[in-house]
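Fold and geometry: a report
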Amino acid sequence: MATRLVQINMKAHDDSALGRFWAEVLGWGIDSEEPTVTNLEPVGFSYPDPAAVCIDIVARPEPKKVKNRVHLDLATTSTAHQAELVARLKGLGATLADVGQGDVPWTVMADPEGNEFCVLEPRPIHQDTGPIAAVVVDCADPRAMARFWGEAMDWTVHEVSDRHARMRSAQGVGPYLEFVRTPDTKVVWNRVHLDVRPYPGDDIAAEEARLLALGATDPGVDRSAIHWTVLADPEGNEFCLLAPR
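Let us look at the structure shown here. (Residues numbered from 1 in each chain as written. Predicted model: local features only at pLDDT ≥ 70, side-chain atom pairs only at ≥ 80, totals over all residues. Heavy atoms only, no water.)

1. Points about the state of the cysteines
Inspection of the entire model under this criterion finds zero disulfides. Not engaged in a disulfide, the cysteine cysteine 54 finds its nearest cysteine sulfur in cysteine 240; these two sulfurs lie 15 Å apart. As a non-bridged cysteine, cysteine 118 has cysteine 139 as the owner of its nearest cysteine sulfur, 15 Å distant. Assessed through its relative accessible area of 9%, cysteine 118 is described here as buried. (Disulfide = S-S within 2.5 Å. Buried < 20%, exposed > 50% of the residue type's maximum accessible area, 1.4 Å probe, protein only.)

2. Side note on the sheet that holds strand E5 (residues 70-74)
By way of backbone hydrogen bonds, the strands of a sheet pair with one another, either parallel or antiparallel. If you walk across this open sheet you meet the eight strands as E6-E7-E8-E5-E9-E12-E11-E10, and the pairing is mixed. Of all strands in the sheet, those with a lone pairing partner are strand E6 (95-96) and strand E10 (156-160), marking the two edges. The sheet contact formed by strand E7 (residues 107-110) and strand E8 (residues 116-119) spans four bridges and is antiparallel. Across the sheet, residue methionine 109 finds its bridge partner in E8, namely phenylalanine 117. Across the sheet, helix H3 (residues 142-152) touches strand E9 (132-139), E10, strand E11 (164-168) and strand E12 (176-181), and the angle it forms with E12 is around 150°. (Pairing = 2+ DSSP bridges. Helix = DSSP H or I, 4+ residues; strand = E, 2+ residues; numbered from the N terminus. Contact = heavy atoms within 4.5 Å. Axes fitted to C-alpha atoms, helices over the stretch in contact; angles between N-to-C directions.)

3. Some points on the pairing of E5
Note on strand geometry: in a regular strand, side chains alternate between the two faces of the sheet. For E5, the buried fraction is high: five of the five residues fall into the buried class. Across the two faces of E5 the burial is the same, with Val70, Leu72 and Leu74 and His71 and Asp73 all buried. Examined bridge by bridge, E5 and E9 share five bridges and lie antiparallel to one another. When the sheet's bridge partners are listed, valine 70 is paired in E9 with valine 137. Pairing geometry for E5 and E8, over three bridges, is parallel. Looking across to E8, one finds that leucine 74 is bridged to valine 119.

All quantities given are derived from atomic positions and should not be read as evidence of function.
The structure is reproduced here in structure tokens:
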């Protein structure tokens, strides 16, 4: 058995407005499952497919208090494209952000609800990822995170060091999942988190047990009103185990 990363979940005060922003940014289609959930995926996309990691935006009243531990990196094809994209994002309502990055070749920004993301300088490794180059997770130990997620999912680990680890789908398509060593620690429930899904025919209870045996933990979320399973990785980052599909 194995899972795969199918989407990220992002909390928002106004899921519809934030959904429109990200749909414009990515050139994706927008759909609403219910009044408080906005789904984004590429136009003509057949979910789930490793060619893209989709976005679920869910309305929640809690304010954003700290820098998100999960963020998106956007791909560009040239320095001119990077500058053009930054300018277009500002026009859509994004702002420049300072997270202590210093003098770096990428541009750190925040969406209209303050969620940080990066517009990367052109990198050959991201030439075929689509608009999202990577989903990035802050962590204390990239090696341990790559070890856990490399066993939790069927994604391939491409690079591991003390400061950075990189994974990609087993099919070698879509964005990367990256773990970056950072000095700050997790202090609140993550406002952006990963959603993983087993394959059709898999037993979700057995998959939950397998993930717990690998080092995931149960954060004690009340499951009575939800049809998915909330777990946390070895560094306490919440993620959702969705039903097989």
